[in-house]
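Below are the chains, spelled out letter by letter.
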Amino acid sequence: MEQNYFISKDKSLLKVEKIQQFIANSYWGNGRTLDEVKLTIENSYCFGIYTPENEQIGFARIVTDYIYFGYFMDVIVLDKFQGQGYGKILIHAIFEDITIKKLKTLALKTKDAHHLYERYGFNKIGDSPLWMSIDRQILQ
């Protein structure tokens, strides 16, 4: 089967306006401006998933110190591509990334995707309906 996508960390490929439109209409990023999205991208470790023709399929960013902690944010699949497995493909690629593999703790907040993230080892934190984490650090 021919691969109908590619994943890149090249920020110059990101279709920032499409990403902003999606996020601005989401429950977590309601009203986020284009300038705010640009700044968050500039200050994050980003992944894009694209068609072979460079059309944006999805996006994710991780706020990280590149050693100990990574916070998954703005993980999206644009409406046109939802329900086709691209979210799982993107998350899998992020977990295969050498930088992400080295991080000791990963965290995220989600209202509706707990089942997806549990597949990758995230667990709910306490009684929070939103917070999830992976703690790879051995506590001594």
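Sequence order as written defines the numbering, with residues in each chain counted from 1. Residues qualify for local features only when their pLDDT is at least 70, as the model is predicted, and side-chain atom pairs are given and counted only at 80 or more; totals for whole chains, interfaces and linings, by contrast, use all residues. Side-chain metrics in this entry use all non-hydrogen atoms of the structure; hydrogen atoms and water are not considered.

Draft legend 1. Representation of helix 2 (residues 34-42). When helix 2 is considered as a whole, its buried residues turn out to be V37, T40 and I41. Take helix 2 and look down its axis: the buried residues cluster within an arc of 100°, on one side only. In helix 2, the exposed positions that point more than 90 degrees away from the buried face belong to D35 and E42. Residues of helix 2 that are buried sit in contact with helix 1 (16-24), strand 2 (45-50) and strand 3 (56-64). Note on classification: 1.4 Å probe, protein chains only; a residue is buried when its accessible area is under 20% of the maximum for its type, exposed when over 50%, partly exposed between these limits. Helix numbers and strand numbers start at the N terminus; a helix is a DSSP run of H or I with at least 4 residues, a strand a run of E with at least 2. Taken from the helix axis, the directions to the C-beta atoms give the arc we talk about. We call two residues in contact when some of their heavy atoms are within 4.5 Å.

Draft legend 2. Representation of the pattern of salt bridges in the model. Salt bridge, as used here, is a side-chain nitrogen of Lys or Arg placed within 4 Å of a carboxyl oxygen of Asp or Glu. In this structure the tally under the stated criterion is five salt bridges. D74 is paired through a salt bridge with R32; the nearest N and O atoms lie 2.7 Å apart. Separated by 42 residues along the polypeptide, D74 in strand 4 (residues 69-77) and R32 in the loop between helix 1 and helix 2 bring together distant segments of the chain. Considered together, D74 and R32 belong to a single accessibility category, that of buried residues. With its nearest N and O atoms 2.7 Å apart, the salt bridge here joins R61 to D74. Residue R61 is located in strand 3, and its partner D74 is located in strand 4; the two are separated by 13 residues in the primary sequence. In this pair, the class of R61 matches that of D74, namely buried. The network of salt bridges with common partners includes R32, R61 and D74.

Draft legend 3. The arrangement of the packing of aromatic side chains in detail. Pairs were defined over the aromatic rings of Phe, Tyr and Trp, the Trp ring being its six-membered one, requiring ring centres within 6.5 Å. Orientation was assigned from the angle between planes: stacked under 30 degrees, edge-to-face over 60, tilted for the rest. In total, this model carries twelve aromatic pairs according to the counting rule given. Here Y5 and Y86 contribute two aromatic rings whose centre-to-centre distance is 6.3 Å and whose plane-to-plane angle is 80°, an arrangement assigned as edge-to-face. Separated by 81 residues along the polypeptide, Y5 in the segment before strand 1 (6-8) and Y86 in helix 3 (residues 86-96) bring together distant segments of the chain. Each ring, one from F6 and one from Y50, has its centre 5.2 Å from the other, and the planes form 25°; the classification is stacked. Note that F6 is positioned in strand 1 and Y50 in strand 2, a separation of 44 residues in sequence. Classification of F6 as partly exposed rests on a relative accessible area of 26%. Residue classification places Y50 among the buried residues on the basis of a relative accessible area of 1%. Members of the aromatic cluster, joined through ring pairs, are F72, F95, Y117, Y120 and F122. A positively charged side chain is recorded as over a ring if its NZ (Lys) or CZ (Arg) lies within 6 Å of the ring centre. The angle to the ring normal must also be within 35 degrees. For K111, the ring lying beneath its charged end belongs to Y27, and the centroid distance is 4.6 Å.

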